[in-house]
Amino acid sequence: MYVGLVAQKGNSRASSLAADLRRRLRDADVAVAVDTATAGTLDVDGTPIEAFDACDLVVSIGGDGTFLYAARGADGTPILGVNLGEVGFLNAVGPDEAVGVVLDEVAAFRAGEMTVRETPRLAAAGDGWTAPPTTNEVVVQGPIRGPSGGVDCDVRVDGSRYSASRADGVLVATPTGSTAYNLSEAGPLVHPGVDALVVNEMCASEGMPPLVVGPDSEVTVRVSGADRAVVVGDGRVLRELDPPTEVRVGRADAPVRVAGPTSDFFEALGKLD
């Protein structure tokens, strides 16, 4: 078996747990890869996160941001999240139980009994380009937030116009992402058991309320009225745009695959400020 370890950058607790997991996994005759940044801290050989799709299991140690980072490289490889943060919607395992849970997953994998859940991802595309999949959200926005950075947005769902307004941008989120950027933009919470997407205009001058649509809907955002715009996915700039132009957002072909225990959605909500 081949396990990849990703620890939150700059977090000594995460690095220490990664070192402990690495040692225990090697004792169990498991091959271990450590992401490049963590490897530098541990003074061991590192593996680029882009190569973690070759693993049988990826263990993310940190918060939801670390999980999203791991998901970029893991692709279809199952990810087990160890929560060192305050909320942990994607990370169901506490640090004190991490070693035991990971070793249990190793045993389950070897017995052909590892249980994996699938969480949808989003893909943004335009004229001649397709961005990498994202787990939480895709945002089409002006170059900066605020009055001087807005864009004119025409939003359509499966070809039918939903809204047209001047806005900071338009956000499309998965149920997983509903608790992240979408929530800070006054969007609705969506239980992870609900198969849907959220469409949320950001500080729109004459926009419509946030909308929950079917999971296979295609959301088209045409942006104009600005010299430049960007597509942002899970906090990363994925594409710079030259308006007027159109961006299509819909469910990606490959979901995120999650291993290990399931987090209690409502308990995690109770930790939100």
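Residues numbered from 1 in each chain as written. Predicted model: local features only at pLDDT ≥ 70, side-chain atom pairs only at ≥ 80, totals over all residues. Heavy atoms only, no water.

1. Looking at the side chain of Thr-176
- Topologically, Thr-176 is positioned in the loop between β11 (169-173) and α5 (181-184).
- For Thr-176, a relative accessible area of 16% puts it in the buried group.
- Apart from the residues lying within four places of it in its own chain, the contact partners of Thr-176 are Leu-90, Thr-119, Thr-135 and Asn-136. (Helix = DSSP H or I, 4+ residues; strand = E, 2+ residues; numbered from the N terminus. Buried < 20%, exposed > 50% of the residue type's maximum accessible area, 1.4 Å probe, protein only. Contact = heavy atoms within 4.5 Å.)

2. Notes on the packing of aromatic side chains
- Under the criterion given, the structure shown has one aromatic pair.
- Where Phe-265 meets Phe-266, the ring centres are 5.4 Å apart and the plane angle is 80°; that geometry is what we call edge-to-face.
- Overall, the relative accessible area of 57% leaves Phe-266 in the exposed class.
- Across the ring face of Tyr-69, the terminal group of Lys-9 is positioned such that the distance to the ring centre comes to 5.2 Å. (Phe/Tyr/Trp six-rings, centres within 6.5 Å; stacked < 30°, edge-to-face > 60°. Lys NZ or Arg CZ within 6 Å of the ring centre and 35° of its normal.)

3. Observations regarding the sheet that holds strand β7 (residues 129-130)
- Spatially, six strands are ordered β7-β6-β17-β14-β9-β10 in an open sheet, and the strand pairing comes out antiparallel. Edge positions in the sheet fall to β7 and β10 (160-167), since each has one partner strand and no second.
- Relative to β7, strand β6 (residues 122-126) runs antiparallel, the two being bridged by two bridges. Following the sheet pairing, Gly-126 is matched in β7 by Trp-129. (Pairing = 2+ DSSP bridges.)

4. With respect to the side chain of Gln-141
- Mapped onto the secondary structure, Gln-141 falls in strand β8 (residues 137-141).
- With residues near it in sequence (within four places) discarded, Gln-141 still touches Val-151, Asp-168, Gly-169, Tyr-181, Met-202, Ala-229, Val-230 and Val-232.

5. Concerning the nonpolar core
- In terms of nonpolar packing, the biggest core is built from 27 residues, with Leu-5, Leu-21, Leu-25, Val-59, Ile-61, Leu-80 and Val-82 touching the most fellow members.
- If you list the elements that add at least two residues to this core, you get β1 (2-7), α1 (12-27), β2 (31-34), β3 (57-62), β4 (79-83) and α4 (98-110).
- Here this core gets six residues from one element, more than from any other, and that element is α4.
- The residues touching Val-59, leaving out its near neighbours within four places in the chain, are Val-3, Gly-4, Leu-5, Val-6, Leu-21, Leu-80, Val-82 and Val-102.
- Counting residues in hydrophobic clusters, the runner-up holds 26 residues, among them Trp-129, Val-138, Val-231 and Val-249. (Core = buried A, V, L, I, M, F, W, Y, C linked by side-chain atoms within 4.5 Å.)

6. Brief notes about helix α3 (residues 64-74)
- When we look at burial in α3, the residues that qualify are Thr-66, Phe-67, Leu-68, Ala-70, Ala-71, Gly-73 and Ala-74.
- In this fold, the buried residues of α3 make contact with β1, β3, β4 and β18 (256-259).
- Asp-75 sits one or two residues past α3 and shows a positive phi near 55°.

7. A word on α4
- Its 13 residues give α4 an end-to-end C-alpha distance of 18 Å, which sits within 8% of 18 Å, the value for a rise of 1.5 Å per residue.
- For α4, the full list of buried residues reads Ala-98, Val-99, Val-101, Val-102, Glu-105, Val-106 and Ala-108.
- Considering only its buried residues, α4 is in contact with α1, β3, β4 and β18.
- Positive backbone phi, approximately 70°, marks Gly-112, located one or two places after α4. (Expected span 1.5 Å × (residues − 1).)

8. Things to note about a negative patch on the surface
- Side chains of Asp-158, Asp-216, Glu-218 and Glu-246 sit close together on the surface and give a patch of like negative charge.
- Its place among the elements puts Glu-246 in strand β17 (residues 245-251). (Patch = residues over 30% accessible without salt bridge, like charges linked within 9 Å, V, L, I, M, F, W, Y side chains within 5 Å. Areas by Shrake-Rupley, 256 points an atom, 1.4 Å probe, with all protein chains shown as cover. Salt bridge = Lys/Arg side-chain N within 4 Å of Asp/Glu carboxyl O. Lys, Arg positive; Asp, Glu negative; His and termini not counted. Charge placed at Lys NZ, Arg CZ, Asp CG, Glu CD.)

9. Observations regarding the pattern of salt bridges
- The full count for this structure, using the stated rule, is nine salt bridges.
- In this structure, Arg-145 engages Glu-185 in a salt bridge whose closest nitrogen and oxygen atoms are separated by 2.9 Å. Residue Arg-145 is found in the loop between β8 and β9 (151-157), and its partner Glu-185 is found in the loop between α5 and β12 (197-202); the two are separated by 40 residues along the sequence.
- For Arg-145, a relative accessible area of 33% puts it in the partly exposed group.
- A residue is classified by how much of its surface remains accessible, and Glu-185, at 16% relative accessible area, is buried.

10. Re the UniProt feature "active site" (unreviewed entry) in the chain
- UniProt annotation of "active site" (unreviewed entry) refers to Asp-64 when read in the numbering used here.
- Topologically, Asp-64 is positioned in helix α3.
- Residue class for Asp-64 comes out partly exposed when judged on its relative accessible area of 23%.
- At 3.2 Å, the side chain of Asp-64 forms a polar contact with the backbone nitrogen of Leu-90. (UniProt positions renumbered as here; feature names shortened; annotations may be inferred. Polar contact = N/O pair within 3.5 Å; in protein donor to acceptor, adjacent residues only side chain to side chain.)

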